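# Summary of the model geometry
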Amino acid sequence: MNDIIRDLQVDNLQVDKDLPTGAPVNLSRRGLLVGSMGAAAGALVLGFGLPVRGARAQDAAKAVAPGTRVPAFLEIRPDNTARFLSPFVEGGQGVFTAMVQIVGEELDMDPKSFIVENAPTGSDYLVVFGKMRITGGSMSVRTSYDTMRKLGASARAMLLEAAATRLGVAADKLATEPGYVVHAASGQRIAYGDLAGDAMSLPVPAADSVTLRDPKQFRWIGKPVERLDVLDKSIGKAVYAIDLKVDGMLHAAVQHAPRLGMSVGAVRNEASVRAMKGVISVHHLPGAVAVVSERWWHAKRAVEALQVDWAEAGAKPVMDGIRVMPANFSTADFAERLANEPGDGKDAEKEGDAAAAFASAKTVVTATYHSQYLHHAQLEPPSTIARFNADGTLDVWMPNQAPEQFQADIAKRTGLDASKVNVHSPMLGGFFGRHFLYQAANPYPQAIQLAKETGRPVKVIWTREEEFLRDPMRPMAAVRFKGGLDANGMPVALEAISICEGPTEGIAGHNKDKLDETAVEGLTGKSYAIPNRRIAQIYVENPTMLAYWRSVGNSMNDFLYESFLDELADKGGKDPYELRMQLLKDNPRLSTLLKTVGEMSGGWKRGPFTAEDGTRRARGIAMASPFGSHTAAIAEVSIKAGEVVVHDVWEAIDPGSIVNPAIIEAQINSASALGVSQVLIEEAVYKNGMPVARNYDLYPILPPSRMPRVHARIIESGEKMGGIGEPGLPAVPPAVANAVSTLTGERVRRMPLSQYTFNS
Amino acid sequence: MKKLLLVLLLIIVVVGGGLLWFVNHKPGSPFETAGTLPLPSTEVLARGEAVARQADCVACHSLPDGKPYAGGLEMGTPLGAIFATNITPDKENGIGNYSLADFDRAVRHGVTPDGERLYPAMPYPSYVKMSDEDIRDLYAYFMHQVQPAAVANRASGIEWPMNMRWPLALWNAVFVPSGTYAQKPQQDAQWNRGAYLVQAAGHCGACHTPRSVTMNEKALDEGGSAFLSGALLDGWYAPSLRQDVNTGLGRWSEEDIFQFLKNGRNQHAVVFGSMAEAYNNSTQFMSDDDLKAIGHYLKSLPGDASRDGTPWVYAAAAPAQGQAGTRGTPGSATYAAKCGFCHGTDGRGRSPWIPPLAGSPASLIEHADSQINVTLNGSARVVTAGVPDAYRMPSFRQQLSDREIADVLTYVRSTWGNHGDHVTQQEVNALRQHTDPASSTPIILQMR
Amino acid sequence: MKLEINGQPYEVESDGDTPLLWVIRDELGMTGTKYGCGLAQCGACSVMVDGEIVRSCVTPLDSVANRSITTIEAIQNDAIGRKVVAAWVQHQVPQCGYCQSGQVMAATALLKQNDKPTEDDIAAAMVNLCRCGTYNAIKAAVQDLSGQKV
Ligand code: FES
Ligand code: FES
């Protein structure tokens, strides 16, 4: 690690001064101080400076399973602190803290004594299902939980072994307490930091030879341990990609073609722009122009001044893997087209005989629902630093959720061997699915080209405007629903045909023989006992670039389904909460959840009712089962001056078992905010092939004034561990929409609600 | 402009066919006998280009993505849309077959070679005052410097009988002055140059002079007190360019006017709305002498205290909410959250980069249209010498309701000594329906 | 141009129309102040000028000459700033953290002007965007500080 970050300059005053030149430098202040201390003391510590190449040497040997080689993850320092290299990137979801809760629990070391950094690329870190590495899909903790426990336990075993040798006693006569090995008989205590050097030389014990702690004795797992990064983030010391600087670095700003697929034709005023203050050079890139300068602001002003005649896309794509945006594309027209696309679609889920059930149903209800395109709108604009090194390697610093994928892509683009490409993954200023490998959606190809053309390291920062022009979006969909009710008003059949393109097929390509689950999740996977069901998809390719967005398909499909379910309840004369209870009566896990959220809200009451402050209010209920967890949410709303006010969201979540309840509560808050934002105000609109909004002015995100109170409760059913980062979202939009429908008597069938005008 | 066609209908009914000759005749041109013209010198071409800048032909006759002068801009009227035409020297679609006299009749009299009358969206009531020399140079420029573009004209969306153009001849006879600008010997050369630019090619009155019910500008020169006294047009209020202290240029020096036209900004204001377009495409390209002449001339137009009201004096605002023991209005809270970071809690802006709202004509004019429009939609980027502005006005249509915009503008218009009228939700809503957000991308109309 | 930042004098060379944000981040290398939108929409770039909150992305350099600028780097040198940071830690406010420099600055500026902000005062002053939705934690933290003696 140290060789990769050697030349990183941290522009942080007090710290800078303490830096021995050429010493390993860390990006965070604490890391930096500790790191240099370790180096100065010359201590042999577990995994210190573990070179990426070392990991690759292991690749060659193919000897080690990901997530087992202790030194690749852990460094215990003479001062009895530890550094942990996380296979998952931190972007606010608290995964760094969760990782050291788990590792610390088994290692017997207080999470507070860790610093955590993102691990470099390398096969050791492919811990998701033992074969890949992404931070996303709410998979980090649940897929690595067992691995990380074993890792911590292995490290502890190594320390015990080292202590046994030193004390000349059998290892089973030793015990640990946080940070120490203790020999009860003699009263001796040895700090882990003292043992690390000896432990380092020992082989990692076989995975099945270590014993794990009894969960009943957990001290940190399952507890609201404070997050490790909170102080740094509160005092401006957390360092994001956009903050990094390397020696000799230049800055670049870009202007993208107004529509993806167009290329640079003539540039009318290149000479005069070259003459502008601070401009070093002007570059033509695929589908963009760039200006390089010593200062980003100069580059930005100059690149905006470039008058480019953009050439329409020809037969040969200007970049691989992109879609050419048509000049007449409009989201309004596209929504119409989706709603009216003929056909019955391809089955995604089938149960019973829906057709027959509709034929014999007492009442048949049909409705078409819509979801909208969404931006990620993470607060940190994209940036990348690229640096070619004298030894033929390439360093790239960029926000990313999947380092090895970017490494492979960069290797392909540059013709370098992957082993020569170092991808660094700093803290993310929000991710929400933004930082995967989407074509034309990230600045790293530009940074690499500019570094090559200028012969110096280059940092590219996209303005917010350029970001919204190239941000790939959460897909939009139209869903044709059909519901059949029996004489008692109970649903006996449900059909949902989603006309859309799923994000996965949008990114990786459509396979006509396969169904993209991410297109329909949330329509599928519902637990309601409706005997006859058919969920299907009609694939319609989008002209836009698509992406994952927090909670992926569920982010829209649960809105679509749960709103229609309320519509069925109304048609059948049932209370929507009671109806859900009945439909889940044989499902104790979800019944408990539904009951819990009802209790949390003080007992289910739908309304409309008059609140204490005199406003008319109503409540809506919805459920979702995304990413291995289950949720139920109730929202309370009123209308003020024609706009929806969400007062409270109560949400119960059952993720099976948990690591940190405080983080989960924060995630429920965060996911609720995004859900409320989506349902109230968010929509990416295209006209004439271009996004209307290029900044937060025309693409507003939830402001503090519209944030509801959020009440979260966690139910640990003990079932298989589910996800946390995303599951809080999907139930919220339909809960809000259902409350609004109840309050206004007007059925809401599309997001966002800002397109409706409600009477107060 | 919008009521124009309705008025024309009346005229059709009232006036009989006896005037057939009159309405079909072509006005005379001093260039009728010009014969074959010599190849223009580069000097003539440069002057012609400068005239094209003064007249801002490109603003209507080009689209951002189109070929220069190939036509384009859509102008809505109650009867349907009309489209600016192709004025490239393309023989098929443009003016390639126009003789100098034909060109002259079109520019100064609004009559095409086949005798058809142009809608006065083409500002020939102003252009009629242009000098013969300017017309000749402009013609040379269009014929030799503009690339022919084979782009067909778009038919207007106006249907029969309202699409008959001949009644316009009658309108012209009544409302369009005859003859080129006549020097005023009692004034100095700079004044006369300024007057000429303002009245003729610059056609400032097309936006800044109020119109009568018959849609003609109420005055076409300083002889009428309505001249450049401010007018509402297409969702913007073009303020008075007279010496009105509140709503005009009374507090501006000649130098201020010069700076504004040259740089798009000065200590008092930054161009926005339609003026941003006029600045981007026209005024900044004029010579310093011409811009100073304009300032000099405008400073000679007296204000009207009875129309303008009590002179504005800055008054500090009551402390905003968030400070101890104070309570704001809904408007002041919105101002603090959405406007104050740029325009300052003191309303004084960050001149010359971000304009003050305290004492600005837009805050003092009874019509709030410009402020409503710029709040809803933001403003076009101001591009000076090819470089887009460092700061731009965002659009608030997606963030603020009609009520909130009305409240915040009412706050702006009644604080810091401002005394413009309060703004209603209905006014905001009306403009919301008929306007679109400004592009955050700089729009540069190319002339070649 | 001369600037005073965090009590230190600086001589900077940027043009007068350069946003203070880029002078701080690029020319002076203090990256705690964040760029989010450049359009006064998000508040990530908030700093204090003479104790008042400003959004540095829309603050031209020439408008702050000779005025006293405080950035997040010096937040703990300020008695109120220290309390705000402590409350932020206690309430575990940040998630991704990107907006939080600006949030902490906004809270500090509010409490400097008004040591007992009401709920409405807090709502009026704490208007910065947070995509991670930390709004409730922010509100709770500021409420905790309301009325506390420094
Ligand atoms: S970066 Fe300044 S307000 Fe967003
Ligand atoms: S904590 Fe991520 S944007 Fe606020």
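Conventions and cut-offs
Residues numbered from 1 in each chain as written. Chains lettered and ligands numbered in written order. Predicted model: local features only at pLDDT ≥ 70, side-chain atom pairs only at ≥ 80, totals over all residues. Heavy atoms only, no water. Helix = DSSP H or I, 4+ residues; strand = E, 2+ residues; numbered from the N terminus. Rg over C-alpha atoms; globule rule 2.2 N^0.38 Å. Buried < 20%, exposed > 50% of the residue type's maximum accessible area, 1.4 Å probe, protein only. Contact = heavy atoms within 4.5 Å. Lys, Arg positive; Asp, Glu negative; His and termini not counted. Charge placed at Lys NZ, Arg CZ, Asp CG, Glu CD. Areas by Shrake-Rupley, 256 points an atom, 1.4 Å probe, with all protein chains shown as cover. Buried area = accessible area lost by both parts, 1.4 Å probe. Salt bridge = Lys/Arg side-chain N within 4 Å of Asp/Glu carboxyl O. Polar contact = N/O pair within 3.5 Å; in protein donor to acceptor, adjacent residues only side chain to side chain. Nonpolar A, V, L, I, M, F, W, Y, C, P; charged D, E, K, R; others polar. Axes fitted to C-alpha atoms, helices over the stretch in contact; angles between N-to-C directions. Parallel < 35°, antiparallel > 145°, perpendicular 65-115°, else oblique. Left-handed = near helix turned anticlockwise from the far one by under 90°. Phe/Tyr/Trp six-rings, centres within 6.5 Å; stacked < 30°, edge-to-face > 60°. Domains from an automatic or database assignment. pLDDT = per-residue confidence, 0-100. Core = buried A, V, L, I, M, F, W, Y, C linked by side-chain atoms within 4.5 Å. Pairing = 2+ DSSP bridges. Disulfide = S-S within 2.5 Å.

### A short note on the overall build of chain C
Looking only at helices and strands, chain C has 5 helices and 5 strands in total. The order of helices and strands in chain C, counted from the N terminus, is β-β-α-β-β-β-α-α-α-α. Compactness check: chain C gives a C-alpha radius of gyration of 15 Å against a globular reference of 15 Å for 150 residues, within 12% of the reference. When its C-alpha atoms are laid out on the principal axes, chain C stretches across 40 × 30 × 25 Å. Put simply, chain C has 150 residues, and 65% of those count as buried. A separation threshold of at least 6 residues defines the contact pool for chain C, and within that pool the share at least 24 residues apart is 58%. Taking the average place of the 12 positive charges on the side chains of chain C and the average place of its 17 negative ones, the gap between the two points comes to 9 Å.

### Considerations on the overall build of chain B
Tallying secondary structure elements over chain B gives 19 helices and 6 strands in all. A globule of 448 residues ought to have a C-alpha radius of gyration of about 22 Å, and chain B, at 23 Å, matches this closely. For chain B, long-range pairs separated by at least 24 residues make up 67% of all intrachain contacts whose partners lie at least 6 apart in sequence. Accessible surface for chain B amounts to roughly 19000 Å². Of this, 56% is attributable to carbon and sulfur atoms. Counting 36 positive and 42 negative side-chain charges, chain B places the averaged centre of each group 3 Å from the other.

### What about the interface of chain B and chain C?
Counting from both sides, the interface comprises 19 residues of chain B and, opposite them, 23 residues of chain C. Taken together, both faces of the contact between chain B and chain C bury some 1800 Å²; the carbon and sulfur share is 57%. At the junction of chain B and chain C, the tally comes to 0 salt bridges. For the pair chain B and chain C, the interface holds 4 residue pairs in polar contact (both at pLDDT 80 or more). Here the residues of the side of chain B that touches chain C are counted per class, giving 10 nonpolar, 6 polar and 3 charged.

### A short note on the environment of Pro 177 of chain B
Residue and element names in this part refer to chain B. Along the chain, Pro 177 falls in the loop between helix H8 (167-175) and helix H9 (189-199). Considered as a pair, Pro 177 and Tyr 124 are 53 residues apart in the sequence and their alpha carbons are 9.7 Å apart. Not counting the four nearest positions on each side in its chain, Pro 177 is found in contact with Pro 125, Val 128, Lys 129 and Leu 220.

### Thoughts on the side chain of Gln 446 of chain B
With respect to the helices and strands, the residue Gln 446 of chain B is situated in the segment after helix H19 (425-434). Of note is the side chain of Gln 446 of chain B, whose polar atom sits 2.9 Å from the side chain of Gln 307 of chain A. Ignoring anything within four residues of it in the chain, the contact list for Gln 446 of chain B reads Arg 268 and Gln 307 of chain A together with Val 58, Ser 62 and Pro 68 of chain B.

### Considering the packing of helix H21 (residues 661-680) of chain A against helix H22 (residues 732-744) of chain A
All names here are of chain A. Running from N to C, H21 and H22 point in directions that differ by 50°, and their axes come no closer than 8 Å. When the interaxial angle is binned, H21 and H22 end up oblique. The handedness of the crossing between H21 and H22 is right-handed. Contact residues: Ser 672, Gly 675, Val 676, Gln 678, Val 679 and Leu 680 in H21; Val 732, Pro 733 and Val 736 in H22.

### Looking at the packing of aromatic side chains
Per the counting criterion, the structure on display carries 34 aromatic pairs over all chains. Their ring planes at 90° and their centres at 5.5 Å tell us that Tyr 369 of chain A and Phe 481 of chain A sit as a pair that is edge-to-face. With Tyr 369 of chain A in strand S13 (residues 363-371) and Phe 481 of chain A in strand S18 (residues 477-485), this residue pair connects regions lying 112 residues apart in the sequence. Grouping residues by exposure puts Tyr 369 of chain A and Phe 481 of chain A together as buried. A ring pair is formed by Trp 252 of chain B and Phe 260 of chain B, whose centres lie 5.0 Å apart and whose planes are at 70°; its orientation type is edge-to-face.

### Quick word on the interface of chain C and chain A
At the junction of the two partners, chain C supplies 48 residues and chain A supplies 58 residues. Between chain C and chain A, the buried area comes to about 4200 Å², and carbon and sulfur atoms account for 56% of it. Among the residues chain C hides against chain A, the three largest losses belong to Gln 95, Tyr 98 and Arg 131 of chain C. Together they make up 20% of the total. Between the two partners, chain C and chain A, sit 6 salt bridges. With its nearest N and O atoms 2.9 Å apart, the salt bridge here joins Arg 25 of chain C to Asp 243 of chain A. For the pair chain C and chain A, the interface holds 28 residue pairs in polar contact (both at pLDDT 80 or more). Mapped onto the side of chain C that touches chain A, the elements with two or more residues apiece are helix H1 (20-27), helix H2 (79-90), helix H3 (100-113) and helix H5 (135-145) of chain C. Sorting elements by how many residues they give to the side of chain C that touches chain A places H1 of chain C first, with 4 residues. For the side of chain C that touches chain A, the per-class residue count stands at 23 nonpolar, 16 polar and 9 charged.

### Some words on the environment of Ile 354 of chain B
Among the structural elements, Ile 354 of chain B can be located in the loop between helix H15 (330-343) and helix H16 (361-364). When the C-alpha atoms of Ile 354 of chain B and Pro 113 of chain B are compared, they prove to be 48 Å apart, with 241 residues separating the residues in sequence. Those residues within four positions of Ile 354 of chain B in sequence are excluded, and the remaining contacts are Cys 342, His 343, Gly 349 and Tyr 391 of chain B together with Val 58 of chain C.

### Thoughts on the pattern of salt bridges
This model, assessed by the stated rule, comprises 75 salt bridges over all chains. Put simply, Asp 78 of chain C and Lys 112 of chain C hold a salt bridge, and the shortest N to O gap is 2.5 Å. A residue pair is termed long-range when its members are at least 10 positions apart, and Asp 78 of chain C in the loop between strand S5 (68-70) and H2 and Lys 112 of chain C in helix H3 qualify at 34 residues. Overlapping salt bridges, with partners in common, bring together Lys 526, Asp 558, Glu 562, Asp 566 and Arg 580 of chain A in one network.

### What about the domain arrangement of chain C?
Residue and element names in this part refer to chain C. When the domains of chain C are assigned, the result is domain 1 (2-74) and domain 2 (75-145). Each of domain 1 and domain 2 has a C-alpha centre, and these two points are 19 Å apart. On the domain 2 side, the residues contacting the 19 residues of domain 1 number 17 residues. Carbon and sulfur atoms make up 60% of the surface buried where domain 1 meets domain 2, a total of about 1400 Å² over both sides. On the domain 1 side of the contact with domain 2, Met 48, Ile 72 and Ala 74 bury the most area, a combined 36% of that side's loss. Taken together, the connections running from domain 1 to domain 2 amount to 0 salt bridges. Here domain 1 and domain 2 share 9 residue pairs in polar contact (both at pLDDT 80 or more) between them. Only strand S3 (46-49) and strand S4 (52-55) provide two or more residues apiece to the side of domain 1 that touches domain 2. Residue composition of the side of domain 1 that touches domain 2, by class: 8 nonpolar, 7 polar and 4 charged.

### A closer look at the confidence of the model for chain B
In low-pLDDT segments, the atomic positions of the prediction should not be examined closely. For chain B, per-residue confidence averages 91 on the pLDDT scale, and 94% of positions sit at 70 or higher. Note that pLDDT drops below 50 for residues 321-326 of chain B; the model gives that stretch 17 contacts with residues more than four away or on any other chain.

### Structural notes on the nonpolar core
Grouped together as the largest cluster of nonpolar side chains are 162 residues, with contacts concentrated most on Leu 680, Val 736 and Leu 753 of chain A. Apart from residues no more than four positions distant in its own chain, Leu 753 of chain A is found in contact with Val 644, Val 679, Leu 680, Val 736, Val 740, Val 748 and Phe 758 of chain A. The next biggest cluster of nonpolar side chains, apart from the first, holds 61 residues, and it includes Ala 101, Val 146, Tyr 297 and Leu 301 of chain B.

### So, the sheet that holds strand S21 (residues 609-610) of chain A
Taken in spatial order, the 5 strands of this open sheet run S21-S22-S23-S24-S27 (chain A), and their pairing is mixed. Looking along the sheet, the strands with just one partner apiece sit at the ends: S21 and strand S27 (709-714) of chain A.

### Notes on the confidence of the model for chain C
Here chain C averages 96 in pLDDT, and 98% of its residues register 70 or above. Interface predicted TM-score (ipTM) for the complex: 0.94; the corresponding pTM is 0.93.

### Things to note about the state of the cysteines
Note on terminology: a disulfide is the covalent bond linking the sulfur atoms of two cysteines. All names here are of chain B. Across all of its chains, the model carries 0 disulfides over all chains by this definition. Cys 204 provides the cysteine sulfur closest to Cys 207, a residue in no disulfide bond, and the two sulfurs are 8.8 Å apart. Since its relative accessible area comes to 30%, Cys 207 is described here as partly exposed. Cys 339 carries a free sulfur, and the closest cysteine sulfur to it, the one in Cys 342, is 8.8 Å from it.

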